[in-house]
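Descriptive structure summary
The primary structure of each chain is shown beneath.
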Amino acid sequence: MHIEKIKKGLKGEIGKNLIYYDIVDSTNNIALKLSETYPDGTVVLADCQTKGKGRLGRSWFSPPGSNIYLSIIIKTSIEHRKLNLLTFMASIASALALRNCTNLDVSIKWPNDLLVSKKKIGGILTELKFNKNVLVAILGIGVNVNIDVEQFPEEFRSLSTSIKNETKNIYSREELIIGILNELDKWYKAYTQNNIEAIFEEWKNLNATFGKEVLVFSEGKTFKGIAEAIDRDGFLLLRLPAGNIKKIISGDVRILED
Ligand code: BTN
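One structure accompanies this document, and this report is about it.

Turning our attention to the sheet that holds strand β9 (residues 221-230). Each strand in a sheet pairs with another by means of backbone hydrogen bonds, the pair being arranged parallel or else antiparallel. Spatially, β11-β10-β9-β8-β12 is the arrangement adopted by the five strands of the open sheet, whose pairing is antiparallel. The open sheet has two edge strands, β11 (245-248) and β12 (252-255), and neither has a second partner. In this sheet, adjacent strand axes meet at a mean angle of 45° when their direction is disregarded.

Core analysis: the largest hydrophobic core is formed by 65 residues, its most contacted members being L70, I72 and I163. The element that contributes the greatest number of residues to this core is helix α3 (residues 83-102), accounting for twelve residues. Excluding anything up to four places from it in sequence, I163 contacts L98, T102, L104, I121, V143, N144, V145, K168, N169, Y171 and L176. Residues V24, A31, A46 and I73 belong to the second largest nonpolar core, which totals eleven residues.

Summed over the entire model, instances satisfying the criterion amount to five aromatic pairs. Consider the rings of F61 and F152, whose centres lie 5.3 Å apart with planes at 50°: the pair is tilted. Within this pair, whereas F61 is found in the loop between β2 (43-49) and β3 (68-74), its partner F152 is found in the loop between β7 (134-143) and α4 (154-157), the two being separated by 91 residues in sequence. According to the relative accessible area criterion, F61 is partly exposed, its value standing at 23%. Here the aromatic rings of F88 and F200 are separated by 6.3 Å at their centres, their planes lie at 85°, and the arrangement is edge-to-face. Of this pair, F88 sits in helix α3 while F200 sits in helix α7 (residues 196-206), and the two are 112 residues apart along the sequence. The same class applies to F88 as to F200, namely buried. Ring pairing ties together the aromatic residues F88, F200, W203 and F210, which thus form one cluster. Between K82 and the ring centre of Y191, over which it is positioned, the NZ or CZ distance is 4.3 Å.

How each quantity is defined
Residues numbered from 1 in each chain as written. Predicted model: local features only at pLDDT ≥ 70, side-chain atom pairs only at ≥ 80, totals over all residues. Heavy atoms only, no water. Pairing = 2+ DSSP bridges. Helix = DSSP H or I, 4+ residues; strand = E, 2+ residues; numbered from the N terminus. Axes fitted to C-alpha atoms, helices over the stretch in contact; angles between N-to-C directions. Core = buried A, V, L, I, M, F, W, Y, C linked by side-chain atoms within 4.5 Å. Buried < 20%, exposed > 50% of the residue type's maximum accessible area, 1.4 Å probe, protein only. Contact = heavy atoms within 4.5 Å. Phe/Tyr/Trp six-rings, centres within 6.5 Å; stacked < 30°, edge-to-face > 60°. Lys NZ or Arg CZ within 6 Å of the ring centre and 35° of its normal.

What follows is the structure, given as structure tokens:
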């Protein structure tokens, strides 16, 4: 990875401190530790993770030399009701940067899966921590770039894709990282200036979930319904067959065939 190239391409505050490792357990774990001393906007980047973490306790396949694994330390004063927006911001920035760099039709599946051709090309894992009573958020972003889908472990293979798999081309991870972090810088400004509406609107524009029949796995149960909208906290509003709305706080969504 050419770190100097990335540093040269970064325009804003996000990534001014960029810490690179060849190998880590998880960039989120390192960022959680470093958040005690490093400032807002610090980025931890790695070529490889030995214990990459996905949402809902799952693992994130993180071999060397091919993909993006990075975590951003956010130390702004975070209001409880705006927490989900931070994750939305990371998925918006990643989706827009990938669209710009690759021309792929990247969309977002609630809450923050990055999809191309209905398969997962990336994801976001946000973790929170209190440092001396101040809430710190770690935004972890993973993108499958130059990996062949055949390399994925069996259980992920049918649901995953990569930029290489979709375009048949090799992409510069450095350029993609620059794109993601510069885009994130813009959305982070919207967040700190309380321009919540802009974040909601862009997330809705990019989302691939609304109006579709979905299965939702949440609270150890499966619900079938129409994904109708998100509320002001970013929770999913699911219209159940009986006509009532169920609010989904956390879970996994599978879009049924349209
Ligand atoms: C998901 O399950 O969709 C979230 C995946 C998040 C993966 C990224 S890779 C960089 C950061 N470090 C981790 O251990 N996980 C996140």
